[in-house]
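Below are the chains, spelled out letter by letter.
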Amino acid sequence: MIPALEALARLRDGNRRFVAVRSATTPLASQARRSELVSGQEPFAIILGCSDSRVPAELVFDQGFGDLFVIRVAGNIVAPSQIGSVEFAAARFHTRLVVVLGHSQCGAITATLEELLGKATTESKNLRSIVDRVRPAVEDLLAGPHGEEPEALLREAVLANVRASVQLLRHGSELLERLIETDGLLVVGAKYSLATGVVNFFDGVPDGR
Ligand SMILES: [Zn+2]
């Protein structure tokens, strides 16, 4: 089992390699590595990220097959199936780090803000189920200092939505709560910048790490 802070250091190192275009992994696993993984997996981090095509978790953290347990859903929202997926990996594979990975220019957050501002409405009830999960995290921002500045508002909303997902994972499951309290599970929030490629861990990282 890889402790949470060691897992965090691996992700940070991987993202530095990605930004520097100095990958340590090959995009395709060797036959030997694939064969090794047939009998089991031990992913060292769980990533709950957005489905956006520009934020592939394995690539931005420069990781290979078997390294990351990745859950992707538009807006990196937390619904019961996402909590269940995190529980599964944490309990079954003893993975001790969970990262909620939001990103700049997120379309799901933009859609939610447009709806809150009355600029658009979401017709599909399926898409609405995503917007409805983003809304509570961001609606208070409209009355805040950035309410009139679209770019700043979107930036703040992305961060607020990550924080909300982190909170839901920390407190939305008895199993995860217990693992956090007694077994070293760490849930952190991060944001990926489309422009720079840098992942900034901004929520839940212990001081000095
Ligand atoms: Zn997105």
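For clarity, every value in this text was computed on a predicted model and none was experimentally measured.

Cut-off values and rules
Residues numbered from 1 in each chain as written. Predicted model: local features only at pLDDT ≥ 70, side-chain atom pairs only at ≥ 80, totals over all residues. Heavy atoms only, no water. Helix = DSSP H or I, 4+ residues; strand = E, 2+ residues; numbered from the N terminus. Rg over C-alpha atoms; globule rule 2.2 N^0.38 Å. Buried < 20%, exposed > 50% of the residue type's maximum accessible area, 1.4 Å probe, protein only. Areas by Shrake-Rupley, 256 points an atom, 1.4 Å probe, with all protein chains shown as cover. Lys, Arg positive; Asp, Glu negative; His and termini not counted. Charge placed at Lys NZ, Arg CZ, Asp CG, Glu CD. Arc of directions from axis to C-beta. Contact = heavy atoms within 4.5 Å. Pairing = 2+ DSSP bridges. Axes fitted to C-alpha atoms, helices over the stretch in contact; angles between N-to-C directions. Donors = N, O, S within 2.8 Å, 3.2 Å for Na, K, Ca; no water.

Enquirer: Could you give me a rundown of the overall build of the protein chain, with the residues and numbers involved?
Expert: Across its full length, the protein chain holds eight helices and five strands. Ordered by position from N to C terminus, the α and β elements of the protein chain give α-α-β-α-β-α-β-α-α-α-α-β-β. Over its C-alpha atoms the protein chain spans a radius of gyration of 17 Å, differing by no more than 12% from the 17 Å that the globule rule assigns to 209 residues. Projecting the C-alpha coordinates of the protein chain onto the three principal axes gives extents of approximately 55 × 40 × 40 Å. Going through the 209 residues of the protein chain one by one, you find that 44% of them count as buried. Approximately 10,800 Å² of the protein chain is accessible, and the part contributed by carbon and sulfur atoms is 53%. In the protein chain, 22 positive and 25 negative side-chain charges are present, and the distance between their average locations comes to 5 Å.

Enquirer: Give a description of helix α5 (residues 107-116) that names residues and reports values.
Expert: Every buried residue of α5 is listed here: A108, I109, T112, L113 and E115. The arc enclosing the buried residues of α5, seen along the axis, measures out at 160°, which places them on a common side. Against α6 (125-138) and α7 (150-171) lie the buried residues of α5. One or two positions beyond α5, positive phi appears at G118, with a value near 75°.

Enquirer: Run through the sheet that holds strand β3 (residues 97-103), naming residues and quoting values.
Expert: The five strands lie next to each other as β2-β1-β3-β4-β5, forming an open sheet whose pairing is mixed. With one partner strand each, in any of the chains shown, β2 (68-72) and β5 (199-203) form the two edges of the open sheet. Taking the axes of each pair of neighbouring strands and ignoring which way they run, one obtains an average angle of 30° across the sheet. One ladder, built from four bridges, connects strand β1 (residues 45-49) with β3; its direction is parallel. Paired with G49 across the bridge in β3 is L101. Here helix α1 (residues 4-19) sits on the sheet and contacts β1, β2, β3, β4 (186-192) and β5; the angle it forms with β3, its principal contact strand, is near 35°.

Enquirer: Give me the lowdown on unusual backbone geometry, citing residues and values where you can.
Expert: A positive phi is found at N76, a non-glycine position, where the angle reads about 35°. Tracing the backbone shows N76 in the loop between β2 and α4 (80-93). Its relative accessible area of 1% is what places N76 among the buried residues.

Enquirer: Give me the coordination of the zinc ion: which residues, what numbers.
Expert: In the first shell of the zinc ion, the protein supplies C50 (SG), H103 (NE2) and C106 (SG), at 2.0 to 2.3 Å from the metal. Sequence spacing of the donor residues for the zinc ion, all on one chain, is C-x52-H-x2-C. Of this pair, C50 sits in the loop between β1 and α3 (57-60) while H103 sits in strand β3, placing them 53 residues apart in sequence. For H103, a relative accessible area of 0% puts it in the buried group.

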